[in-house]
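If you want the building blocks of each chain, they are given just below.
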Amino acid sequence: MSRPTLEVADVFHRHGAAWRRANAGHVSLGQFKAMSAIESCRSAALGGHVERCEDCGHTRIAYNSCRNRHCPKCQAAAAKDWLAAREADLLPVGYFHLVFTLPAEIAPIAYQNKSVVYNLLFRAASETLLTIAADPRHLGARIGATAVLHTWGSAMTHHPHLHMIVPGGGISLDSTRWVRCRPGFLLPVRVLSRLFRRLFLSRLVDAHAAGRLAFFGELGGLRGRDAFAAHLAPLKRKNWFVYAKPPFAGPEAVLAYLARYTHRVAISNSRLVGLDERGVTFRYKDYRSNGRARYRTMTLAPDEFIRRFLLHVLPKGFHRIRHYGLFASAACKANIARAKELIAAPRPAIDPPAEHDDADLAAGAAADHRPPCPCCGGRMIIVETFERGAAPRAPPSPKAAVRTAMP
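Residues numbered from 1 in each chain as written. Predicted model: local features only at pLDDT ≥ 70, side-chain atom pairs only at ≥ 80, totals over all residues. Heavy atoms only, no water.

Trainee: Honestly, the pairing of strand E11 (residues 279-285) in this entry has me stumped. Any pointers?
Mentor: On any regular strand, side chains alternate: one points to one face of the sheet, the next to the other face. Within E11, 5 of the 7 residues are buried, which leaves it mostly tucked inside the rest of the structure. With 4 bridges connecting them, strand E10 (residues 272-276) and E11 associate as antiparallel partners. In the sheet register, Gly274 faces E11, and the bridge partner there is Thr281. Hairpin connection from E10 to E11: 2 residues lie between these consecutive antiparallel strands. (Buried < 20%, exposed > 50% of the residue type's maximum accessible area, 1.4 Å probe, protein only. Helix = DSSP H or I, 4+ residues; strand = E, 2+ residues; numbered from the N terminus. Pairing = 2+ DSSP bridges.)

Trainee: Quick question: what am I supposed to make of the sheet that holds strand E7 (residues 169-172) here?
Mentor: Within a beta sheet, neighbouring strands are joined by backbone hydrogen bonds and run either parallel or antiparallel to one another. The 3 strands are arranged E4-E7-E8 in an open sheet whose pairing can be described as antiparallel. Each having just a single partner strand, strand E4 (141-142) and strand E8 (178-180) make up the two edges of the open sheet. Relative to E7, E4 runs antiparallel, the two sharing 2 bridges. Note that in E7 the partner of Ala141 across the bridge is Ser172.

Trainee: It is not clear to me how the nonpolar core should be interpreted in this structure. Could you clarify?
Mentor: Generally speaking, nonpolar side chains in soluble globular proteins are found buried as a group. Formed by 51 residues in total, the largest nonpolar core has its most connected members in Met164 and Phe200. Elements supplying a minimum of two residues to this core: strand E3 (95-101), helix H4 (107-112), helix H5 (114-134), strand E5 (144-152), strand E6 (158-167), helix H6 (189-209) and helix H7 (225-232). Counting residues per element, this core draws most heavily on H5, which supplies 11 residues. Excluding residues within four positions of it along the chain, Phe200 makes contact with Leu102, Ile106, Val117, Leu120, Leu121, Ala124 and Trp240. The next biggest cluster of nonpolar side chains, apart from the first, holds 33 residues, and it includes Cys41, Cys66, Trp152 and Val280. (Core = buried A, V, L, I, M, F, W, Y, C linked by side-chain atoms within 4.5 Å. Contact = heavy atoms within 4.5 Å.)

Trainee: What should I look at first to understand the pattern of salt bridges in this one?
Mentor: For side chains of opposite charge, pairing can occur when their charged atoms come near one another. Summed over all chains, the structure comprises 12 salt bridges. Here Arg20 and Glu39 are joined by a salt bridge, their closest N and O atoms 2.8 Å apart. Taken together, the residues span a long stretch of sequence, with Arg20 in helix H1 (residues 8-22) and Glu39 in helix H2 (residues 29-40) at a distance of 19 residues. Take Glu39: its relative accessible area is 17%, and that puts it in the buried class. Of the charged contacts in the structure, one is a salt bridge between Glu341 and Arg338, with a shortest N-O distance of 3.4 Å. Taken together, the residues Glu341 and Arg338, both in helix H10 (residues 332-342) and 3 residues apart, mark about one turn of the helix. Glu341 sits in the partly exposed class, given a relative accessible area of 42%. Note on Arg338: relative accessible area 30%, which makes it partly exposed. Counted as one network, the salt bridges with shared partners bring together Glu304, Arg307 and Arg308. (Salt bridge = Lys/Arg side-chain N within 4 Å of Asp/Glu carboxyl O.)

Trainee: Would you explain the packing of H1 against H2 in this entry?
Mentor: How two helices sit against one another is set out by the angle between their axes and by the gap between those axes. Direction vectors running N to C along H1 and H2 enclose 135°, while the axes themselves pass 9 Å from each other. As judged from the angle between their axes, H1 and H2 are oblique. The two elements H1 and H2 meet at a crossing, and its hand is left-handed. Where H1 approaches H2, its residues Val8, Ala9, Phe12, His13, Gly16, Trp19 and Arg20 are matched on the opposing element by Phe32, Met35, Ser36, Ile38 and Glu39. Split into classes, the residues belonging to the contact of H1 with H2 amount to 7 nonpolar, 3 polar and 2 charged. (Axes fitted to C-alpha atoms, helices over the stretch in contact; angles between N-to-C directions. Parallel < 35°, antiparallel > 145°, perpendicular 65-115°, else oblique. Left-handed = near helix turned anticlockwise from the far one by under 90°. Nonpolar A, V, L, I, M, F, W, Y, C, P; charged D, E, K, R; others polar.)

Trainee: Which parts of the structure should I look at to understand H1?
Mentor: An α-helix turns once every 3.6 residues. As a result, residues three or four positions apart point the same way. Along H1, the largest kink reaches about 60° and is centred on His15. Residues of H1 that are buried in the fold lie against H2, E10, E11 and helix H9 (302-310). (Bend = angle between axes of the 7 residues up to and from the residue.)

Trainee: Is there a simple way to explain the sheet that holds E3 in this structure?
Mentor: Strand order in the open sheet formed by 5 strands is E9-E3-E6-E5-E13, and the pairing between neighbours is antiparallel. In this open sheet, the two strands that pair with only one neighbour each are strand E9 (242-245) and strand E13 (321-325). With direction set aside, neighbouring strand axes in the sheet form an average angle of 25°. Across 6 bridges, E5 lies against E6 in antiparallel orientation. Bridged to His150 within E6 is His161. Sitting on the sheet, H5 touches E3, E5, E6 and E13, and the angle it makes with E6 is about 30°.

Trainee: How should unusual backbone geometry be read in this particular structure?
Mentor: Glycine aside, negative phi is the norm for most residues, and most peptide bonds take the trans geometry. One non-glycine residue, Met156, lies in the positive phi region at around 70°. Tracing the backbone shows Met156 in the loop between E5 and E6. Taking the relative accessible area as the measure of exposure, Met156 reaches 0% and is therefore buried. Of note in this structure, Ser175 is not a glycine but carries a positive phi near 65°. With respect to the helices and strands, the residue Ser175 is situated in the loop between E7 and E8. The exposure class of Ser175 is partly exposed, given its relative accessible area of 28%.

This is the structure we're talking about:
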């Protein structure tokens, strides 16, 4: 795959220093680290190695990746490894895609209290789904779900929402049979929406009463209990957005979807169009339009582009991919085996891994993602490594592509 001609790193290289100076004192350590990692990613600053073809002797330099989870260049390999571990967990049934979205009035509170509010979003959405599914008036079964947090809209505005992938059925409450959902229908969206609204708001009020929420700037007036209650009052009557997409065609389609969503960042390099005196131009989707009119371009001043990108840097250690119900890590293997037995599906020859957290991907051993020799297709082997900020002892072959490596 060819490298994009323009990258987020290019914007940071050209305008990052000025942006840091202009916003000194208003940028978190996590945002600074994300910027620094993206600027250094796959460059001599992180070191790398020299690869040589076993057959023709062609050599090339491969620089190390930063592995920051907000870096647009590092997520493809991470997603590939994560999906390989998830493949054995898929059940031979149809899957549904649900989206739980926070109202716009909550987004500013969420931005100033990321850990608390995003955790509440996970808890409220998952409890809503599991509770309604277990209700005998609906599915009457224990189900599983994989949830992925996205905090952005297509134009990188702050838009917190959860994507949830759910199999079309579950294990009966007495664990004796597999309960299938109705064709094309999992659970009533209106019922999900109302319970989600009630659970989230009640827990947000509890968090405020416990002093776990902080308010700054224009939100400073919400520190008082009465003011906070008045701010939330209209949301108790507002319809909250829970969206259920049509079911996937099968497990393979689920994997294809997860490959696009699990390790996505606020904007991919492939969406960038230009960087000039006008600013940064990129492609986005206008979901209020249909057809070709939905696909548009937008130009932002560099400082606004950087600000929007950094809106979506998550707190250190925050898990943006989580598993619930049958897929919760504590009993995941046993639940999946039981579900496949009830669906009359053969068990996998190799047990799926017990770990389900994406946070461990960056710390784990990297898979071999080296492409073959561009000259003859032979296998490339590492013949030299060099440290951060250093240079290789021998130059690569003439016209050799300088590629990237996972450290």
